[in-house]
Amino acid sequence: MRFAIIGYYGHNNLGDELNLYEMMKLIRKQYPHADITIFSGGLPYLYYKVDYPLVLADRLGLKNYRDTLNTYDLIIIGGGGLVFFGANYFNFLMEDLKVPYIFSRVGMDDRMVNPTVVSELKDILNRAYHVSVRTTSDRMLAQKHLGLTCEVVPEAIWNYRAEKTPFVHGGKKILVSINTYASKYTGAVKKTLLGLTIPHTIYTVSMQDSANDFYFNIEATPPKRVILPEAVSLHTKASFLASSDLVITSRLHAGLMALSHGVPAIMLKSTPKVAFLLKDLELDMLHNEGHLTSATLESLVHNQQLRNSLLEKSEQMRALADTPLIPKL
C-alpha cells in the first residue's frame, strides 16, 4: 500500500514531527511494508535525517500535485491542527480525486470564520472517507460549523516515550518554552521565576526553528538561564521535556510531552487548542499572568501525587491513541 501524508512537516516543529513519527509507526503496525511519502509546504531541509521521502508540495503546482496524489492508495490529512475556518489549505481536494482521503486526528480552529471557506471545508470534509479529531472541543467545532459528526481519537504523539537525559546543573529543573502567542506573559513569568526560593536551574528550549520563540524564551527567563541547543535531534529535545521537574509553556505539544511523562506543566492561556487539551484531561493547569505565582510553581515541583496522577492519565491516553490509524477501506 502507498500512503501520502499531508501536514505541517519540514519546519523543525517538535510536536508535529514527533506526531508524524508515531503516525508512521501506527501505519506500519497495520501495513508492515507500507510505502509512505510526506507532502509539506515546509522548508527544504531539517536538522536531522529522515527515512522517508519529503516532498515540497508547494513546488509541484496544483495540477501536478493532484496528479501525484492520484498515484497513491490513500491520502492522510493530519495530524495536528490543520482545519482553520478562516482559510482553506485544501484546494487540491476541491476537485474529486481518484483515491480516498481521510482527515486523521486533526484540530479545528474558529478564531477566524470565513463563510466561503466554511462552505468549501464542509464539502471537502463531508467527502472524506473518514474524519477524526483530537479532542472533544474539536468535535464540537466540527458539529457547529460543518454539521459533521466525527470520532475523537487522541494524537499519535501520546504513544511517544522519551528517554531521560542527565542534566548537569543542580536543583529542580524548570524548563520554559513559549512562543509569540504568550508574549504578553513574559514579564509575569520572569517575575515568578525570580521569586523562587527552592534550589533550581532554569532552562529554555524552542519547539520550532524560530527566532521569535528564542526571543520570547529569553524575555521570560532571568539572566542565569541555560539555553538548550536548538539544532539537536527530535529525541534529544523531547528528552529535555521528559526530564524536567516543571515545564512552563504556551506550546500545545511541549505541554503534552511533559504531561505524558508525568511532568507538571503550567500551560499559559494562548491559542484555544491548549485549553482543549486540558479540558479533556480534566486538569486545572491553564494559567494567565494574574494567578501565576512562585508558590504555585514550588508546590507543583514537589507534588508527587500529581505526577502519579499524570502518569495514570497518560496511560489512558496512550491506549486511546494506539487505535489503528487507517480505517477499514
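Bear in mind the structure is a predicted one, so any value in this text is a computation, not a measurement. (Residues numbered from 1 in each chain as written. Predicted model: local features only at pLDDT ≥ 70, side-chain atom pairs only at ≥ 80, totals over all residues. Heavy atoms only, no water.)

**Structural notes on the sheet that holds strand S12 (residues 246-249)**
As summarised here, the arrangement of the six strands in space is S11-S10-S9-S12-S13-S14, forming an open sheet in which the pairing is parallel. What marks the edges here is a single partner per strand, and that holds for strand S11 (225-227) and strand S14 (286-287). Relative to strand S10 (residues 200-204), strand S9 (residues 172-177) runs parallel, the two sharing five bridges. Of the residues in S10, the one forming a bridge with Lys-172 is His-200. Set on the sheet, helix H6 (residues 211-219) makes contact with S9, S10 and S11; between it and S11 the angle comes to about 165°. Of the strands in this sheet, S12 and strand S13 (265-268) touch helix H8 (residues 252-260), which is tilted by about 165° from S13. (Pairing = 2+ DSSP bridges. Helix = DSSP H or I, 4+ residues; strand = E, 2+ residues; numbered from the N terminus. Contact = heavy atoms within 4.5 Å. Axes fitted to C-alpha atoms, helices over the stretch in contact; angles between N-to-C directions.)

**Considering unusual backbone geometry**
Cis peptide bonds are those with omega within 30 degrees of zero, and the linkage from Gly-78 to Gly-79 qualifies with -5°. Of note, Gly-79 is situated in the loop between strand S4 (74-77) and strand S5 (80-84). Even without glycine at this site, Arg-105 takes up a positive phi of about 55°. Here Arg-105 shows up in strand S6 (residues 101-109).

**Re the nonpolar core**
Of all hydrophobic cores here, the largest spans 78 residues; its most connected members are Ile-5, Ile-27, Ile-76, Leu-193, Ile-248, Leu-259 and Leu-268. For this core, the element with the most residues is helix H1 (residues 14-30), which contributes seven residues. Dropping the residues within four chain positions of it, Ile-76 is found in contact with Phe-3, Ala-4, Ile-5, Ile-6, Met-23, Ile-27, Ile-102, Ser-104, Leu-325 and Ile-326. (Core = buried A, V, L, I, M, F, W, Y, C linked by side-chain atoms within 4.5 Å. Buried < 20%, exposed > 50% of the residue type's maximum accessible area, 1.4 Å probe, protein only.)

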